[in-house]
Amino acid sequence: QVQLVESGGGSVQAGGSLRLSCVASGRTFGSYVMGWFRQAPGKEREFVAAITWSLDPPYYSDSVKDRFTISRDGAKNTVYLQINSLNLDDTAVYYCAANPTRVRVTTAGAYEYWGQGTQVTVFL
């Protein structure tokens, strides 16, 4: 059974940092692109960042690329999202997802597997 399990969310004061984790299991993800999306209340799911398990450069949304860093640990089948300088607009549920191709990496519909999400809430 394929599983993507996110963790690391929480309530953080503006300006703080969080590191989200996503553990992938149930199949071999070596050829997949692993992505992070987020969805704020009343808004559509939004691409944040993506990475492969190889040495390809990561992908970022322009809105977060200066504050977010995606990374992966192949030995642990884990993908991370480091979020710095959190602001109120970062409040959302953050989802990990796996895309079997390297096309449309910013498009949610291209991702085959999804985690259940982890809530990030930023307060003043």
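Predicted model only: the values in this text are computed from it and were never measured.

Criteria and cut-off values
- Residues numbered from 1 in each chain as written.
- Predicted model: local features only at pLDDT ≥ 70, side-chain atom pairs only at ≥ 80, totals over all residues.
- Heavy atoms only, no water.
- Buried < 20%, exposed > 50% of the residue type's maximum accessible area, 1.4 Å probe, protein only.
- Helix = DSSP H or I, 4+ residues; strand = E, 2+ residues; numbered from the N terminus.
- Pairing = 2+ DSSP bridges.
- Axes fitted to C-alpha atoms, helices over the stretch in contact; angles between N-to-C directions.
- Disulfide = S-S within 2.5 Å.
- Polar contact = N/O pair within 3.5 Å; in protein donor to acceptor, adjacent residues only side chain to side chain.
- Contact = heavy atoms within 4.5 Å.
- Phe/Tyr/Trp six-rings, centres within 6.5 Å; stacked < 30°, edge-to-face > 60°.

A. Representation of the pairing of strand E4 (residues 33-39). Across the 7 residues that make up E4, a large majority, 6, are buried. As defined by bridge partners, E4 adjoins strand E5 (residues 46-52) across 6 bridges and the pair is classed as antiparallel. Paired with Val33 across the two strands is Thr52, which belongs to E5. Joining the antiparallel neighbours E4 and E5 is a turn of 6 residues, in which Gly42 adopts a positive phi near 75°. Pairing of E4 with strand E9 (residues 92-99), which is carried by 7 bridges, proceeds in the antiparallel orientation. Within E9, the position partnered with Met34 by the bridge is Ala98.

B. Molecular detail of the sheet that holds strand E1 (residues 3-7). Pairing within the open sheet is antiparallel, and its 4 strands lie in the order E1-E3-E8-E7. Edge positions in the sheet fall to E1 and strand E7 (68-73), since each has one partner strand and no second. Each strand axis lies, on average, 15° off the axis of its neighbour in the sheet, ignoring direction. In this structure, E7 lies alongside strand E8 (residues 78-83), joined through 6 bridges in antiparallel fashion. Among the inter-strand pairings, Phe68 is bridged to a residue of E8, identified as Ile83.

C. Local environment of the state of the cysteines. What the rule picks out here adds up to 1 disulfide. Here Cys22 connects covalently by a disulfide to Cys96, the sulfurs 2.1 Å from one another. Its torsion about the S-S bond being -70°, the disulfide of Cys22 and Cys96 is classed as left-handed. With Cys22 in strand E3 (residues 18-25) and Cys96 in strand E9, the pair connects residues that are 74 residues apart, well separated along the chain. Owing to a relative accessible area of 0%, Cys22 belongs among the buried residues under this scheme. With a relative accessible area of 0%, Cys96 lands in the buried category.

D. Main features of the side chain of Thr52. Assignment of secondary structure puts Thr52 in strand E5. A polar contact is formed between the side chain of Thr52 and the side chain of Asp56, at a distance of 3.0 Å. What Thr52 contacts, discounting residues up to four positions off in sequence, is Tyr32, Val33, Arg72 and Arg102.

E. Quick look at the packing of aromatic side chains. Scanning the model with the defined rule gives 8 aromatic pairs in all. Here Phe37 and Phe47 contribute two aromatic rings whose centre-to-centre distance is 5.6 Å and whose plane-to-plane angle is 75°, an arrangement assigned as edge-to-face. On the criterion of sequence distance, the pair formed by Phe37 in strand E4 and Phe47 in strand E5 is long-range, its members being 10 residues apart. Overall, Phe37 belongs to the buried group, its relative accessible area being 1%. Note on Tyr95 and Trp114: the rings are 6.3 Å apart at their centroids and 80° apart in plane angle, and the pair reads as edge-to-face. Separated by 19 residues along the polypeptide, Tyr95 in strand E9 and Trp114 in strand E10 (residues 113-114) bring together distant segments of the chain.

Geometric values such as these leave the question of function open.
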